[in-house]
Amino acid sequence: MRLFIKLAVFAIVAYLIFITARPWVKYYIFKNAFVKAIGGSVMTTIPRNIDSAAKDMNIGITYEDDVEVTEYVNKLNYRLEYSESVMYPFGQEVEFDYTISVDRNIKDEKED
């Protein structure tokens with residue numbers, strides 16, 4: 001009987017850890033895709049690549065509405081802020097806020 005109780009407690013704790021860790025894992029996967037979309041894409045395909053990555057990860061953002069682009073002398077800064085919420089089985093909701101900021105050098109691209 002003790003073993004059954006220990007296994008049940010372990011399963012509950014493991015499930016809560018999984019629920020809590022899932023938004024963080026999605027964030028790191030999406031951050032990697034966001035950085036690749038900015039750094040490895042032609043300027044005209046960046047919006048499509050970011051929207052595609054967000055759709056693949058089931059993150060409700062769009063390039064036009066949520067990505068802030070700031071132009072500096074020799075670089076563009078792409079900044080995205082979004083939040084994910086986790087609903088625990090006992091009714092409590094926790095919201096995680098994420099910020100991704102990526103710089104892209106535009107010095108070479110403007111010379112072409």
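About the thresholds
Residues numbered from 1 in each chain as written. Predicted model: local features only at pLDDT ≥ 70, side-chain atom pairs only at ≥ 80, totals over all residues. Heavy atoms only, no water. Buried < 20%, exposed > 50% of the residue type's maximum accessible area, 1.4 Å probe, protein only. Helix = DSSP H or I, 4+ residues; strand = E, 2+ residues; numbered from the N terminus. Arc of directions from axis to C-beta. Pairing = 2+ DSSP bridges. Axes fitted to C-alpha atoms, helices over the stretch in contact; angles between N-to-C directions. Contact = heavy atoms within 4.5 Å. Patch = residues over 30% accessible without salt bridge, like charges linked within 9 Å, V, L, I, M, F, W, Y side chains within 5 Å. Areas by Shrake-Rupley, 256 points an atom, 1.4 Å probe, with all protein chains shown as cover. Salt bridge = Lys/Arg side-chain N within 4 Å of Asp/Glu carboxyl O. Parallel < 35°, antiparallel > 145°, perpendicular 65-115°, else oblique. Left-handed = near helix turned anticlockwise from the far one by under 90°. Nonpolar A, V, L, I, M, F, W, Y, C, P; charged D, E, K, R; others polar.

For helix H2 (residues 46-56), the set of buried residues is Ile46, Ile50, Ala53 and Ala54. The buried side chains of H2 occupy one side of the element, clustering within an arc of 100° when seen end-on. Turned more than 90 degrees from where H2 packs its buried face, Arg48, Lys55 and Asp56 sit exposed. Once H2 ends, the next one or two residues include Asn58, with phi positive near 60°.

The next point concerns the sheet that holds strand S2 (residues 75-87). Neighbouring strands of a sheet are bound in pairs by backbone hydrogen bonds; such pairs are parallel or else antiparallel. With antiparallel pairing, 3 strands are arranged side by side in an open sheet as S1-S2-S3. The open sheet has two free edges, formed respectively by strand S1 (67-71) and strand S3 (93-105), since each of these has just one partner strand. Strand-to-strand twist in this sheet, taken as the mean axis angle between neighbours without regard to direction, amounts to 15°. With 5 bridges connecting them, S1 and S2 associate as antiparallel partners. Pairing of Glu68 across the sheet is with Arg79, part of S2. Most of the contacts of helix H1 (residues 2-39) go to S3, to which it runs at about 15°, and overall it touches S1, S2 and S3.

Here we come to a nonpolar patch on the surface. A cluster of nonpolar residues, Met1, Phe4, Ile5, Val9, Val13 and Ile17, forms a patch on the protein surface that exposes about 670 Å² of accessible area. Position of Ile17 among the secondary structure elements: in helix H1.

Attention now moves to the pattern of salt bridges. Tallying each qualifying case throughout the model produces 3 salt bridges. The partner of Glu81 in a salt bridge is Arg79, with the nearest N and O atoms 2.8 Å apart. Relative accessible area serves as the criterion here: at 31%, Arg79 is assigned to the partly exposed category.

Now for the pairing of S3. With 13 bridges joining them, S2 and S3 adopt antiparallel strand pairing. When the sheet's bridge partners are listed, Arg79 is paired in S3 with Ser101. Turn length for the S2-S3 hairpin, with the two strands adjacent in sequence and antiparallel, is 5 residues, and the turn residue Gly91 shows positive phi of about 95°.

Close contact between H1 and H2 brings their axes to 9 Å; oriented N to C, the two are set at 165°. Considering the angle they form, H1 stands roughly antiparallel to H2. As H1 packs across H2, the resulting crossing turns out to be right-handed. Here Phe30, Ala33, Phe34, Ala37 and Ile38 of H1 come into contact with H2, specifically with Ile46, Asn49, Ile50, Ala53 and Ala54. Each residue belonging to the contact of H1 with H2 can be placed in one class, and the counts come to 9 nonpolar, 1 polar and no charged.

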